[in-house]
Amino acid sequence: MPVVEAVTTVPVPPELAFAVSQTVAPVRYRWDPFVREQHFTDGATRPGKGVRTFTRSRHGLVMISEYVSFAPPTNVGMKMVRGPWFFEMFAGGWRFAPAPEPGHTVATWRYSFRCRPAFLRPIADRVGVRLLTRDIRRRIAGYAAGCVDPEVLAAARASLPAAPPSPGGTPTGGTT
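Just so you know, these numbers come straight off a predicted model, no measurement behind them. (Residues numbered from 1 in each chain as written. Predicted model: local features only at pLDDT ≥ 70, side-chain atom pairs only at ≥ 80, totals over all residues. Heavy atoms only, no water.)

A.B. asks: Would you mind showing me how to read unusual backbone geometry here?
C.D. replies: Where the residue is not glycine, phi is negative for most of them; where a peptide bond is considered, it is trans in most cases. The step from Ala25 to Pro26 runs through a cis peptide bond, and the omega angle for that step is 0°. Structurally, the position occupied by Pro26 is in the loop between α1 (14-21) and α2 (28-31). In the segment running from Pro72 into Pro73, the intervening peptide bond is cis, with an omega of 0°. With respect to the secondary-structure elements, Pro73 resides in the loop between β4 (62-71) and β5 (75-82). (Helix = DSSP H or I, 4+ residues; strand = E, 2+ residues; numbered from the N terminus.)

A.B. asks: It is not clear to me how the pairing of strand β7 (residues 105-115) should be interpreted in this structure. Could you clarify?
C.D. replies: Across the 11 residues of β7, 8 count as buried, placing the element largely inside the fold. Relative to β7, strand β6 (residues 87-98) is paired through 11 bridges, and the arrangement is antiparallel. By the bridge assignment for β7, Met89 is matched with Arg114. Remark: 6 residues form the turn of the hairpin made by β6 and β7, two consecutive strands paired antiparallel; Gly103 in that turn has positive phi of roughly 80°. (Buried < 20%, exposed > 50% of the residue type's maximum accessible area, 1.4 Å probe, protein only. Pairing = 2+ DSSP bridges.)

A.B. asks: Before we go on, may I ask you to explain the environment of Asp149 in this structure?
C.D. replies: As for its placement among the helices and strands, Asp149 is situated in the loop between α3 (121-146) and α4 (150-159). You can call Asp149 buried: its relative accessible area is 14%. Considered as a pair, Asp149 and Val12 are 137 residues apart in the sequence and their alpha carbons are 11 Å apart. Only 2.8 Å separates the side chain of Asp149 from the side chain of Arg30, close enough to count as a polar contact. (Polar contact = N/O pair within 3.5 Å; in protein donor to acceptor, adjacent residues only side chain to side chain.)

A.B. asks: Hey, could you run me through the packing of α1 against α4 in this one?
C.D. replies: Each packed pair of helices is defined by two parameters, the angle between the axes and the distance between the axes. Where α1 contacts α4, the axes come no closer than 8 Å and their chain directions differ by 105°. One element, α1, and the other, α4, form an angle in the roughly perpendicular class. Of α4, the residues touching α1 (which contributes Leu16, Ala19 and Val20) are Val152, Leu153, Ala156, Arg157 and Ser159. Partitioned by chemical class, the residues of the contact of α1 with α4 number 6 nonpolar, 1 polar and 1 charged. (Axes fitted to C-alpha atoms, helices over the stretch in contact; angles between N-to-C directions. Parallel < 35°, antiparallel > 145°, perpendicular 65-115°, else oblique. Contact = heavy atoms within 4.5 Å. Nonpolar A, V, L, I, M, F, W, Y, C, P; charged D, E, K, R; others polar.)

Spelled out as C-alpha cells, the structure:
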C-alpha cells in the first residue's frame, strides 16, 4: 500500500500547532490550499473521534471522511468513508511533537491509499504517489504559513480550552 509523507517544523508549541491544523472555514481556507469547501456533517460542530467531514478539494473531488483518532495535541487520524471512485481505501494521520528548539513543533503528515481497479493498481498507485506527494507538500507548506499568520493563530488560540483556575482563584497559563 503506498504511503506519502511530509514533515515541517513550525514556530509554535504543539498545542497551538495542533489547533491550527483543526481550524475550520473560513480560517481554514487561509492556509489550506487543498480544501475548497469543508464542513462537519451529521450535526457535528467540533472535531472528535467518530465525527465526519465533507471535503471538496481544489481538484473538485469530494470525500466524506471520519476521524478515527483525535488526541490533542499529539495526533489526529482519519479514514475515507466515501470518496473518489479510484480510491479503494484512503487514510491519513497528522502527528505533532515538540521540536528540539523550545516552543517549536515537528508536524508529520502521512497518507496511505489503495487504488482501484486492481488490474490498474500498479500504474495508478505510482500516479497517486506522485500527485499526492505534490499535494501533501503544498498543503503542509500552507499549514506552516498558517502557523505564522496572525489571523489563523488568533482563531486557533480561541479554540484552545481555557486554562483551569489555580488553587488561589486566578487563571493559570496566561497573562492578564
